[in-house]
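For reference, the chains in residue letters:
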Amino acid sequence: MSIRLGVLMDPIHAIHYAKDSTLAMLLAAQARGWSLVYMEQRDVWLREGIAWGRVRALRVAADPQSWFELGEPQTMRLGDLECILMRKDPPFDTEYIYTTYILERAELQGARVVNRPRGLRDMNEKVYTAWFPQCCAPTLITRDMGDMAAFLAEHGKIVCKPLHGMGGRSIFVLEAHDKNRGVVFETLTDYGQRFAIAQRYLPQIATGGDTRVLLIDGQPLPYALSRIPLPHDNRGNLAAGARAEVRELNERERWLAGEIGPTLAAAGMLFVGLDVIGEFVTEINVTSPTGIREIEKKYPIDIGGRLMAAIEQRLARPER
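Bear in mind the structure is a predicted one, so any value in this text is a computation, not a measurement.

(A) Highlighting the packing of aromatic side chains. The full count for this structure, using the stated rule, is six aromatic pairs. Arranged with centres 5.0 Å apart and planes meeting at 45°, the rings of Phe 92 and Tyr 96 form a pair that is tilted. Tyr 96 matches Phe 92 in its accessibility class, with the two residues each being buried. Seen from their ring centres, Tyr 223 and Tyr 299 are 3.8 Å apart, and the 5° between their planes marks the pair as stacked. Pair noted here: Tyr 223 is in strand β13 (residues 219–228) and Tyr 299 is in the loop between α8 (292–298) and α9 (303–315), with a separation of 76 residues, a long-range link. Per residue, the accessibility class of Tyr 223 equals that of Tyr 299, and both read buried. Lying over the aromatic face of Tyr 17, Arg 293 brings its terminal NZ or CZ to 5.1 Å of the ring centre.

Structure follows, in structure tokens:
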């Protein structure tokens, strides 16, 4: 099958070559003989219900000095592509949502979009944990600062964060005696005008880290990426300086994947990252999960190739 793959992503010249999972996907697709085209958010639009893109032919290379070449811009109907990878990083703001509407029109006009646009809108990475309470530590999503204060008093130590961020931004760890708790609640909720999330603090993060379990079409990979916070930090995010450790999945992580994976696969979410601390899922990452490069450096596994194989299987049958 001759496959034309479009990728909608952040500027490719600015990616971190050694860590970028989208590049790993593109290298795998190119190795299979697929043709690639590149676009950013500014390059897509709707006219009379048709999804259009100003795309450029893309060649990628496993070269840290020169990892891409772009052709001249050309205009095409996005629905004419066999597949589109939606790999724009958060924030999950209104511009992101508008982009998913354009991609959903492309999907209706013939392209398979990974991950599926409707799922991207429906499955907020923090809120969607509510669909799997058996997998999660106690969690509160609210705009009410009094409710957040009561939640802190109940659990003694909590993690608070906004619903739209990534990379460890604006994550606060609070204890009941912390005199900054009021200003944290005010900041995160904008004095009760915005929803925020609070979760019971899981002390396992200090030694076991925040572990990324990757799922391809609902099935977990055999290896996970644990991100161990720095001694002076609470955040298990590589972007915040956490240390990466790669290891085999444990039984609890396999169980969590079994609880969540089938639902995600049925919704067309082919590449997903579960964030696990101790025994609990804290986030379900559907927008642009990472971790491929770190895992592939330690174990002989072609994650990008597995994803492309899953896409081929989806292309061979009607969308569910």
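The structure having been displayed, the exposition proceeds.
(B) Quick peek at the side chain of Asn 115. Within the secondary structure, Asn 115 is located in the loop between β7 (112–114) and α3 (117–122). Within the local environment of Asn 115, its side chain forms a polar contact with the backbone nitrogen of Leu 270, the two atoms lying 2.7 Å apart. Polar side-chain contacts of Asn 115 include one of 2.8 Å to the backbone oxygen of Phe 271. Residues within four places of Asn 115 in sequence aside, it is in contact with Met 86, Leu 120, Gly 268, Met 269, Leu 270, Phe 271, Val 272 and Val 286.

(C) View of the sheet that holds strand β12 (residues 210–216). With antiparallel pairing, the five strands of this open sheet are ordered in space as β14-β13-β12-β15-β16. Every interior strand has two partners, whereas the edge strands, β14 (243–248) and β16 (280–285), have only one. When the angles between neighbouring strand axes are averaged without regard to direction, this sheet yields 25°. Strand direction decides the pairing type here: β13 and β14, joined by six bridges, are antiparallel. In the sheet register, Tyr 223 faces β14, and the bridge partner there is Glu 248. Each of β12, β13, β14, β15 (271–277) and β16 is contacted by helix α7 (residues 251–266), which is oriented at about 145° to β15, the strand it contacts most.

(D) Seen up close, the packing of helix α4 (residues 145–155) against helix α5 (residues 181–189). Viewed as axis vectors pointing N to C, α4 and α5 meet at an angle of 135°, and their least axial separation amounts to 10 Å. When the axis of α4 is compared with that of α5, the two are oblique. Here α4 and α5 pass one another in a crossing that is right-handed. Contacts from Met 145, Met 148, Ala 149 and Leu 152 of α4 reach α5 at Arg 181, Phe 185, Glu 186 and Thr 189. A breakdown of the residues in the contact of α4 with α5 according to their chemical character gives five nonpolar, one polar and two charged.

(E) Fine view of the pattern of salt bridges. Scanning all chains against the criterion turns up 17 salt bridges. In this structure, Lys 88 and Asp 10 form a salt bridge, with 3.1 Å as the shortest nitrogen-oxygen distance. Of this pair, Lys 88 sits in the loop between β6 (83–87) and α2 (94–108) while Asp 10 sits in the loop between β1 (4–9) and α1 (21–31), placing them 78 residues apart in sequence. For Lys 88, a relative accessible area of 13% puts it in the buried group. The partner of Arg 212 in a salt bridge is Asp 275, with the nearest N and O atoms 2.6 Å apart. Note that Arg 212 is positioned in strand β12 and Asp 275 in strand β15, a separation of 63 residues in sequence. Accessibility assignment for this pair places Arg 212 and Asp 275 in one class, buried. Taken together, the salt bridges that share partners define one network made up of Asp 210, Arg 212, Arg 227 and Asp 275.

(F) Region of the structure containing the pairing of strand β3 (residues 44–47). With four bridges connecting them, β3 and strand β4 (residues 50–60) associate as antiparallel partners. Within the sheet, the bridge partner assigned to Trp 45 lies in β4 and is Trp 52. A loop of two residues connects β3 with β4, the two strands running antiparallel in sequence, and Glu 48 in this loop sits at a positive phi of about 50°.

(G) Layout of α5. Here α5 has its buried residues at Val 184, Phe 185, Leu 188 and Thr 189. Seen along its axis, α5 keeps its buried residues to an arc of 110°; they face one direction. Looking at the buried residues of α5, the elements they touch are β8 (139–142), α4, β9 (157–162), β10 (172–175) and β11 (196–200). Two residues or fewer after α5 comes Asp 190, characterised by a positive phi angle close to 50°.

(H) A look at the environment of Leu 256. In this fold, Leu 256 is placed in helix α7. Given a relative accessible area of 0%, Leu 256 falls into the buried group. For the pair Leu 256 and Pro 222, spaced 34 residues apart in sequence, the C-alpha to C-alpha distance is 13 Å. With residues near it in sequence (within four places) discarded, Leu 256 still touches Cys 135, Leu 274, Val 276, Glu 279 and Val 281.

(I) How the structure looks around the environment of Leu 5. Inspection of the secondary structure assignment puts Leu 5 in strand β1. For Leu 5, a relative accessible area of 1% corresponds to the buried category. Between the C-alpha atom of Leu 5 and that of Thr 94, which follows or precedes it by 89 residues, the distance is 25 Å. Every residue in contact with Leu 5, bar those within four places of it in the chain, is listed here: Leu 26, Ala 29, Trp 34, Ser 35, Leu 36, Val 37, Cys 83, Ile 84 and Leu 85.

Analysis parameters
Residues numbered from 1 in each chain as written. Predicted model: local features only at pLDDT ≥ 70, side-chain atom pairs only at ≥ 80, totals over all residues. Heavy atoms only, no water. Phe/Tyr/Trp six-rings, centres within 6.5 Å; stacked < 30°, edge-to-face > 60°. Buried < 20%, exposed > 50% of the residue type's maximum accessible area, 1.4 Å probe, protein only. Helix = DSSP H or I, 4+ residues; strand = E, 2+ residues; numbered from the N terminus. Lys NZ or Arg CZ within 6 Å of the ring centre and 35° of its normal. Polar contact = N/O pair within 3.5 Å; in protein donor to acceptor, adjacent residues only side chain to side chain. Contact = heavy atoms within 4.5 Å. Pairing = 2+ DSSP bridges. Axes fitted to C-alpha atoms, helices over the stretch in contact; angles between N-to-C directions. Parallel < 35°, antiparallel > 145°, perpendicular 65-115°, else oblique. Left-handed = near helix turned anticlockwise from the far one by under 90°. Nonpolar A, V, L, I, M, F, W, Y, C, P; charged D, E, K, R; others polar. Salt bridge = Lys/Arg side-chain N within 4 Å of Asp/Glu carboxyl O. Arc of directions from axis to C-beta.

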